[in-house]
Amino acid sequence: MKITTDHIQISNKPLEVSHAREFNFLAENLEKKGLNVEALIQKLRDFQIAIPSWALGTGGTRFGRFSGGGEPSTLIQKIQDVGILHALNRSSDSISLHIPWDIPQDYEAIRQAAAEVEIGFDAVNSNTFQDQTDQSLSYKFGSLANSDKSIRELAIAHNQEVIQIGEKLGSKALTVWLADGSSFPGQHSFRKALQNTHESLQEIYQSLPGDWNMLLEYKPYEPYFYTTVIPDWGTSFLLANKLGDKAYTLVDLGHHLPNTNIEQIVATLMTEGKLGGFHFNDSKYGDDDLTVGSIKPYQLFLIFNELVMGFEETSNPSPAWMIDASHNLKDPMEDLLQSVEAIKLAYAQALIVDRKALEAVQDEQDLGQGQEILQDAFRTDLRPLVRESIRQSGGAISPIQTYKGLKVRESQIKERGKDSKASGL
């Protein structure tokens, strides 16, 4: 199914009057505060969040996976699904591929399919946490950190292949997440594992094209539970600094121990010019990969508050934005639409923070007023502003309502079958 301009216009028609009333009321109040509404709208229109190829199907747990039907079983179908999302919200203009789950068989056909739905290619993601069919050596005890040099070389070669695939599609970054670690004391040497990882990453780094970046993720635990070789932002930052100017830390909102102050991490990395990207999701306990903003919306706002200040006060390059969630129960497309809306809403809230007033009360140690300033922005209902930015871009005033009204999932089930499952997962 392809969403057309007629689909959008028909779905918007019954919402136009109420939306205009809500937006005009909000715009008047924002302008009274000295805010440039059109400038805010333009920033929201420009803000694009990539969709990962693996998020378009139903995820799962160690105990089971319950497919919802109509899932994309080919890479072209995944691209078409991202095209539907982008047509609805005009905020998701690229797809991030996971290799080898989504290796193109026909590059020209893939590029053409993407162009037809106005989709580009974001960072490519390597996979050394799984053994692939007919793989000669196993990653069971690690990949880039493995004590066996031949296994490290296999993992290095895979990452180099991922770069080559990305080059053919127009990607500009490689994302590396390592599962490498240990579950028992004495299983491996901490120092040797880190050194092996650094040396392996150096070889991959040297294979990067001149205009590419390397994004290094981190994670405190899972699948190993005693140590992880890159367990936190500090280790990722250390490696990125040692590798060079094209290496950056990537922050995944689920990759932290409970109650970690993620906004402080963001501020520190931006100060050092090393924040390379974001993987958005939400978490109650650990790496839950829940819908963005469904659990901790205030934390998301505080993170964006630091991001917006960082844009203004540091020379950190524009990060790569991507959703990274596992849709175990919801329709993945609905979940992704909700996540994008939550991200843009948090961004909008951060954009209206009175920075001068906040800086003044910080200097005066006026703690109560500092809280008031932040919470005033957070509690302002900016959904009409986000909707107007989407409407002006040619999208649906209510992407979720339009998705449901057009019966997109039902159409996908009819086209692909109720037993269709996403490839790769």
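Before reading on, note that the structure itself is shown above.
Every value quoted in this text rests on a predicted model; they were computed, and no experiment measured them.

A. Main features of the sheet that holds strand β1 (residues 51-52). The parallel open sheet is built from three strands, whose spatial order is β1-β2-β3. One side of each edge strand has no neighbouring strand; the edge strands of this open sheet are β1 and β3 (120-121). One ladder, built from two bridges, connects strand β2 (residues 94-96) with β3; its direction is parallel. Bridge pairing in β3 places S94 opposite G120. Its contacts with the sheet put helix α4 (residues 75-89) on β1, β2 and β3, and the angle it makes with β2 is roughly 135 degrees.

B. Geometry of unusual backbone geometry. Note the cis peptide between I99 and P100, where omega equals 20 degrees. In this structure, P223 follows E222 across a cis peptide bond, with omega equal to 10 degrees. Position of P223 among the secondary structure elements: in the loop between β7 (213-216) and β8 (227-228). A positive phi angle, close to 60 degrees, is found at Q365, a residue other than glycine. Look at Q365 and you get exposed, because its relative accessible area is 58%.

C. Here's a closer look at the pairing of strand β10 (residues 275-280). Extensive coverage of β10 is indicated by the burial of six of its six residues. Note: strand β9 (residues 247-252) against β10, four bridges, orientation parallel. Bridge pairing in β10 links V251 to F278. Once you follow β9 into helix α9 (residues 262-271) and on to β10, the crossover reads as right-handed. Of the strand pairs in this sheet, β10 and strand β11 (residues 320-323) are connected by four bridges, and their pairing is parallel. In the strand pairing of β11, H279 is matched with M322. For the segment spanning β10, helix α10 (residues 297-313) and β11, crossover handedness is right-handed.

D. Local environment of the packing of aromatic side chains. Following the criterion strictly, the structure yields 18 aromatic pairs and no others. Between F47 and Y347, the ring centres sit 4.7 Å apart and the planes meet at 35 degrees, which makes this aromatic pair tilted. Separated by 300 residues along the polypeptide, F47 in the loop between α3 (37-46) and β1 and Y347 in helix α11 (residues 332-351) bring together distant segments of the chain. Y347 carries the same exposure label as F47, and that label is buried. Of the aromatic side chains, those joined through ring pairs into one cluster are F47, F278, F280, F304, F311, W321 and Y347. Here the guanidinium or amino end of K246 rests over the ring plane of Y205, the centre of that ring lying 5.5 Å away. One cation-aromatic arrangement involves K274 over Y248; the distance from NZ or CZ to the ring centre is 5.2 Å.

E. Expanded view of the sheet that holds β9. In space, the six strands of this open sheet follow the order β4-β5-β7-β9-β10-β11, with parallel pairing throughout. Of all the strands in the sheet, the pair left with one neighbour each is β4 (124-125) and β11. Strand contacts of helix α7 (residues 190-206): β5 (173-176), β7 and β9, with the helix running at about 150 degrees to β7, the strand carrying the most contacts.

F. Structural view of the pattern of salt bridges. Enumeration according to the criterion identifies 17 salt bridges in this entry. Across the salt bridge formed by E222 and K219, the nearest N and O atoms sit 2.9 Å from each other. The buried category is assigned to K219, whose relative accessible area is 7%. Of the charged contacts, one joins D287 and K219 as a salt bridge, the two residues approaching to 2.8 Å between their closest N and O atoms. Remark: K219 occurs in the loop between β7 and β8 and D287 occurs in the loop between β10 and α10; sequence separation between them is 68 residues.

G. Representation of the environment of N159. Relative to the elements of secondary structure, N159 occurs in helix α6 (residues 149-169). C-alpha separation for the pair N159 and E203, spaced 44 residues apart in sequence, amounts to 9.7 Å. Those residues in contact with N159 that sit more than four places away from it in its chain are S126, T128, L144, L174, V176 and I204.

H. How the structure looks around the nonpolar core. In terms of nonpolar packing, the biggest core is built from 108 residues, with L174, M214, F278, F304 and L385 touching the most fellow members. The element contributing the most residues to this core is α11, with 12 residues. Setting aside residues up to four positions removed in sequence, F278 forms contacts with L250, V251, L253, V266, I303, L307, A320, W321 and M322.

I. Geometry of a negative patch on the surface. Taken together, the side chains of E312, E313, E359, D363, E364 and D366 present a region of like negative charge at the surface. Elements that contribute at least two residues to the negative patch include exactly α10 and α12 (355-363). As for its placement among the helices and strands, E364 is situated in the loop between α12 and α13 (367-378). Given the relative accessible area of 56%, E364 is considered exposed.

What counts, and where the lines are drawn
- Residues numbered from 1 in each chain as written.
- Predicted model: local features only at pLDDT ≥ 70, side-chain atom pairs only at ≥ 80, totals over all residues.
- Heavy atoms only, no water.
- Pairing = 2+ DSSP bridges.
- Helix = DSSP H or I, 4+ residues; strand = E, 2+ residues; numbered from the N terminus.
- Contact = heavy atoms within 4.5 Å.
- Axes fitted to C-alpha atoms, helices over the stretch in contact; angles between N-to-C directions.
- Buried < 20%, exposed > 50% of the residue type's maximum accessible area, 1.4 Å probe, protein only.
- Right-handed = clockwise from strand over helix to strand, strands pointing away.
- Phe/Tyr/Trp six-rings, centres within 6.5 Å; stacked < 30°, edge-to-face > 60°.
- Lys NZ or Arg CZ within 6 Å of the ring centre and 35° of its normal.
- Salt bridge = Lys/Arg side-chain N within 4 Å of Asp/Glu carboxyl O.
- Core = buried A, V, L, I, M, F, W, Y, C linked by side-chain atoms within 4.5 Å.
- Patch = residues over 30% accessible without salt bridge, like charges linked within 9 Å, V, L, I, M, F, W, Y side chains within 5 Å.
- Areas by Shrake-Rupley, 256 points an atom, 1.4 Å probe, with all protein chains shown as cover.
- Lys, Arg positive; Asp, Glu negative; His and termini not counted.
- Charge placed at Lys NZ, Arg CZ, Asp CG, Glu CD.

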